[in-house]
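# Report on the structure
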Amino acid sequence: MSSAADALPGRVRETGLLPAGEPVVVLLSGGRDSICLLDLAVLLSGPGTVGALHVNYGLRAESAGDQAVCEEVCRRLEVPLDIELVAAPAGAGNLQAWARDVRYGAGARLAAARGARLAAGHTVTDQAETILYRLAASPGRRSLLGMPVRRGLLVRPLLAAGADRAETAAWCAGRGLRWVEDASNDDAGRYARARVRSRAMPALRELHPAAEANLLRTAELLRDEAEGLDVVVDTALAGRDRIELGHLAALPPALGRLVIRRLAEAAAGGLCPRAPGRLPDILALAAARERGAAMLDVGDGARAVVEDGVLRFERTPGRERV
């Protein structure tokens, strides 16, 4: 085992995300990262506190083998394993996105029922790939923030500890733990994320050996700055769920977009990535002062409403979020 991997328990303990004696449910795919996380959770949280969840989507010929490895490892570590068998509905579209939603939904329900945290095995390698993919797929500063180490019940201890994919493999090998390799992770012909992993990241490393570290450091700095920007938005709104259009127009455009995003997402109850880009259209509703009211659908289930020169947001009636 490498010296870095050998230090993993201490590094993960220092994150405070796997406290001793507190229950945790580990999302277990059978890959090296989740197997490593499960073993560390048993070591750090202690006997009787750890459970695992494996979701078998039946999408690959190897799915039964993945489940068998999870069962074997859980027997060895004396961890109770819940297995959820699901099948993709017709017209599921993006299968990876569907599978992710199913996995997190099932995990959140199980963790909540047990009063536990839900732990996912993402590493800094996953983080770098995620940032690069989001940067290419969607504009905006949020794309560069990456995955948080904690959100609600969900925690990512390996990510918080700065562990990479090579370290989790070294840990599993050193502990004699089996894992499976998901061939779809490298199927660049079918999956965009696989193209990032197999083509984009190696190309960036050729440009500069510290490319991955620089991506991660940039995300870290932007997350710190995002906290400061949240305070500025709080100040602009002064605790209200609406803002005068004249006040909004007087703000710097970047701050105005952040205010719109905050109001739209609070009303819609989810992400509204298109709302900030509608700032010019929303400001154009200033004429509504004379007509009494005006409305503008900004997408993602949110609607801007201007009454007497005051902007607020509400859910778009009769529209489901997509």
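Residues numbered from 1 in each chain as written. Predicted model: local features only at pLDDT ≥ 70, side-chain atom pairs only at ≥ 80, totals over all residues. Heavy atoms only, no water.

## Quick notes on the nonpolar core
Ranked by size, the top nonpolar core spans 32 residues in total, and within it Leu38, Val50 and Val79 carry the most contacts. The set of elements that each furnish at least two residues to this core consists of helix H2 (8-15), strand S1 (24-27), helix H3 (32-45), strand S2 (50-56), helix H4 (63-77) and helix H8 (165-175). In terms of residue count, the dominant contributor to this core is H3 (eight residues). Residues within four places of valine 79 in sequence aside, it is in contact with Leu38, Val42, Val50, Gly51, Ala52 and Cys74. Residues Leu263, Ala264, Leu279 and Leu296 belong to the second largest nonpolar core, which totals 28 residues. (Core = buried A, V, L, I, M, F, W, Y, C linked by side-chain atoms within 4.5 Å. Buried < 20%, exposed > 50% of the residue type's maximum accessible area, 1.4 Å probe, protein only. Helix = DSSP H or I, 4+ residues; strand = E, 2+ residues; numbered from the N terminus. Contact = heavy atoms within 4.5 Å.)

## Regarding the pattern of salt bridges
Using the criterion set out here, one finds 21 salt bridges in the structure. In this structure, aspartate 281 engages arginine 278 in a salt bridge whose closest nitrogen and oxygen atoms are separated by 2.8 Å. What emerges from the salt-bridge pattern is a single network uniting Asp126, Glu129, Arg165 and Arg197. (Salt bridge = Lys/Arg side-chain N within 4 Å of Asp/Glu carboxyl O.)

## As for unusual backbone geometry
A positive phi angle is found at glutamate 78, which is not glycine, with a value near 60°. Tracing the chain through its elements places glutamate 78 in the loop between H4 and strand S3 (81-85). One non-glycine residue, alanine 238, lies in positive phi territory at about 50°. For alanine 238, the position within the fold is in the loop between helix H10 (211-237) and strand S7 (242-244). Under the relative-accessibility criterion, alanine 238 is labelled exposed at 54%.

## Section: H3
In an α-helix, one turn spans 3.6 residues, which is why side chains three or four residues apart end up on the same side. Under the 1.5 Å per step criterion, the end-to-end length of H3 is 20 Å for 14 residues, consistent within 8% with the ideal 20 Å. The buried count for H3 comes to 12 of 14 residues, which makes it a mostly enclosed element. Buried within H3 we find Asp33, Ser34, Ile35, Cys36, Leu37, Leu38, Asp39, Leu40, Ala41, Val42, Leu44 and Ser45. Where H3 ends, the next residue or the one after it, glycine 46, has phi of about 100°, a positive value. (Expected span 1.5 Å × (residues − 1).)

## Some details on the state of the cysteines
As used here, a disulfide is simply a covalent bond connecting the sulfur atoms of two cysteines. One pass over the full model with this rule turns up zero disulfides. In this structure cysteine 36 is a free cysteine whose sulfur lies 5.2 Å from that of cysteine 172, the closest cysteine sulfur available. Cysteine cysteine 70 shares no disulfide, and the gap to the nearest cysteine sulfur, in cysteine 74, comes to 6.5 Å. The exposure class of cysteine 70 is buried, given its relative accessible area of 0%. (Disulfide = S-S within 2.5 Å.)

## Structural notes on the sheet that holds S7
Spatially, S7-S10-S9-S8 is the arrangement adopted by the four strands of the open sheet, whose pairing is antiparallel. Each edge of the open sheet is held by one strand with a lone partner, namely S7 and strand S8 (293-299). Averaged over all pairs of adjacent strands, the angle between their axes in this sheet comes to 25°, without regard to strand direction. The strands touched by helix H12 (residues 253-268) are S7, strand S9 (302-307) and strand S10 (310-315); relative to S10, the strand with the most contacts, the crossing angle is about 35°. (Pairing = 2+ DSSP bridges. Axes fitted to C-alpha atoms, helices over the stretch in contact; angles between N-to-C directions.)

Shape is all these values report; function is a separate question.
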